[in-house]
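Chain by chain, the residues:
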Amino acid sequence: MFEKERLSSFLGLRGMAKAMASAMCLTSAMLLQACHSGRSPREACVPGCNADTGLVNINAATDTMIRISDLADTIMYFKLDRCAQKKAVTQAMYDGKRILVYDRDSLFFYNTDGKEEKRFSCPFACLDYDMENGKVYVFEFRKRLISILSDEGELLSSINIRSNLSGYYGHYFAALSDSVFAMAIPNAGGNDDALVLVSSKGRILDKRGHHDTFRPSGNTFIHNMTWDFPLLRTPDETLYCESYCDTAFVLRGNGDAEPLFVQSVLKKIPLECRPEVKGQNLNDYILKCKSNMWATPRYYVNGRFILAQYVYGRSDTDFPGYLLYDRKDCSSRVHKDTLSMSRLHMGIFNDYDGGLAFTPISQSGNYLLMSGAGIAQGGMSSRPKTLYEKGRKFGDALLPAASGISMDEGKEAQLTSFLADFDEERQTMITVLKMKE
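Residues numbered from 1 in each chain as written. Predicted model: local features only at pLDDT ≥ 70, side-chain atom pairs only at ≥ 80, totals over all residues. Heavy atoms only, no water.

Draft legend 1. Quick look at the packing of aromatic side chains. Using the criterion set out here, one finds 12 aromatic pairs in the structure. Ring geometry for F173 versus F181: centroids 6.0 Å apart, planes at 15°, classification stacked. The buried category is assigned to F181, whose relative accessible area is 0%. Between the aromatic rings of F229 and Y300, the centroid separation amounts to 6.3 Å while the plane-to-plane angle is 85°, which identifies the pairing as edge-to-face. Remark: Y300 occurs in strand 21 (residues 295-301) and F229 occurs in the loop between strand 16 (204-209) and strand 17 (231-233); sequence separation between them is 71 residues. One exposure class covers both F229 and Y300, and it is buried. (Phe/Tyr/Trp six-rings, centres within 6.5 Å; stacked < 30°, edge-to-face > 60°. Buried < 20%, exposed > 50% of the residue type's maximum accessible area, 1.4 Å probe, protein only. Helix = DSSP H or I, 4+ residues; strand = E, 2+ residues; numbered from the N terminus.)

Next up, the structure:
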């Protein structure tokens, strides 16, 4: 049972449990106030990790290529029987025994041999997978319905949310416990709620509004919000990363929240320049964001790394860039590809087996997952074999897409063999990268 005082403290983002050492950092409350008042906290902490509080401050980075060998312990490839709809995979999960993929219409359960075992219809949903307890949570916004499944795809229970939620479909969702669920909604001006907590009885426990409210223009470009990942389940905790905010918070099942890291290397988009406020043409907006390097990150986090995958202007048609922070040595590096006429290898550089660049779409425990050839390849993302073996046509030129550089000839041979009998028309390729710890 939540205490009213705790909810007020949590959803108002006040009264943090831990105090930051005054000589090193702001207090938690001051840090949160800086984040949500628009003041940059980049001067708040020294670079690296504060040993007293655990707060990581990422305020500088070297411009250095990020490679798979920096991040990966190992990489695995899987061939899945293509789902009947042949839609793009938007979420994927892996637990060592099975692979789950979602295509905005249905959730599919596959074994590691790539055979479909179960499917669950859930259009326009958001998923969360608690691997430790073997439960999959599916939130369908249009139905106001939370479904709880076993890791084998059996429906265990359903929760109907009894109060309307403001905003648009496509809320981001996480199960903080079996009795408390969190939903986050990016700010489009017309939706009041930034973060909502719901009980297992379907009642809204409490909610808080966006810190920067505004009256939206006639066109809010809500379709462009697919890039945001406000809620993320890491191997150890659930994070809340509000859009246009430097700070990521750990959300606890009992209602507590505390800052985990502050990332101020990537410049945020000013409120007055967002298309939801100005109503400007989306292409013009993206070009302006590129020229000013205004970025929107999504995060992938484990005990060692904080990886920000970002685009300019929240465009999911842009080549993503990467910011990697390593807790082991407190180092940060940032890298973003530009269009090259020598090689179309966009993403985290593949020096592991000489294959395609890595662009994750989901995190599942210590695993990062990529579907097909990755989001940076756009319309060719479902053609990993073609891109690896032949490259990609660009105008009259045929450009290589694979790196051609491998630290281990044996791994390169394994990838070549895997793709040799891969059927792009009948199968979906899932790449699973296990992060170093």
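Still more to cover.
Draft legend 2. Broad picture of the pattern of salt bridges. With the rule as written, the count across this model stands at 22 salt bridges. A salt bridge links K115 to D81; its shortest N-O distance comes to 3.7 Å. Placement of K115 in the loop between strand 7 (106-111) and strand 8 (116-121) and of D81 in strand 4 (residues 72-81) is noted, with a sequence separation of 34 residues between them. Taking relative accessible area as the criterion, D81 reaches 29% and is therefore assigned partly exposed. (Salt bridge = Lys/Arg side-chain N within 4 Å of Asp/Glu carboxyl O.)

Draft legend 3. Helix 5 (residues 282-292), seen in detail. All of the buried residues along helix 5 are L282, Y285, I286 and C289. Along helix 5, the residues classed as buried sweep out an arc of 95° about the axis, all on the same side. The exposed set on the far side of helix 5, more than 90 degrees from its buried face, consists of N283, L287 and S291. Looking at the packing, one finds that the buried side of helix 5 touches helix 4 (275-278) and strand 22 (305-312). Looking at the residues trailing helix 5, positive phi occurs at M293, about 55°. (Arc of directions from axis to C-beta. Contact = heavy atoms within 4.5 Å.)

Draft legend 4. Seen up close, the side chain of E424. The residue E424 is located in the loop between helix 7 (409-420) and strand 29 (427-435) in this model. Using a relative accessible area of 9% as the deciding quantity, one classes E424 as buried. Side-chain polar atoms of E424 contact the backbone nitrogen of K385, separated by 2.8 Å. Excluding residues that lie within four positions of it along the chain, E424 makes contacts with R82, S382, R383, P384, K385 and T386. (Polar contact = N/O pair within 3.5 Å; in protein donor to acceptor, adjacent residues only side chain to side chain.)

Draft legend 5. Examining the side chain of H335 more closely. One can find H335 in strand 24 (residues 331-336). A distance of 3.0 Å separates polar atoms of two side chains, one belonging to H335 and the other to D337. Excluding its chain neighbours within four sequence positions, the residues that come into contact with H335 are D63, T64, M65, I66, Y310, G321, Y322 and G347.

Draft legend 6. Spatial organisation of the environment of Q377. Mapping Q377 onto the fold places it in the loop between strand 26 (367-371) and helix 6 (384-389). C-alpha separation for the pair Q377 and T359, spaced 18 residues apart in sequence, amounts to 9.5 Å.

Draft legend 7. Molecular detail of helix 7. For helix 7, spanning 12 residues, the distance from its first C-alpha to its last is 16 Å, which sits close to the expected 16 Å at 1.5 Å a residue. Taken together, the buried residues of helix 7 touch strand 4, helix 6 and strand 29. (Expected span 1.5 Å × (residues − 1).)

Draft legend 8. Quick look at the environment of D329. Of note, D329 is situated in the loop between strand 23 (321-326) and strand 24. With 25 residues separating them in the primary sequence, D329 and R304 have C-alpha atoms 9.7 Å apart. Engagement of the side chain of D329 in a polar contact is seen with the side chain of S331, the distance being 2.6 Å.

Draft legend 9. The environment of G321, seen in detail. Residue position: G321 is located in strand 23. Counting along the chain gives 13 residues from G321 to A308, while the straight-line C-alpha distance between them is 8.1 Å.

Draft legend 10. Structural context of unusual backbone geometry. Within the chain, R104 stands out as a residue other than glycine whose phi angle is a positive 70°. By the secondary structure assignment, R104 is in the loop between strand 6 (98-102) and strand 7. Overall, R104 belongs to the partly exposed group, its relative accessible area being 44%. For C330, which is not a glycine, the phi torsion comes out positive at approximately 55°.

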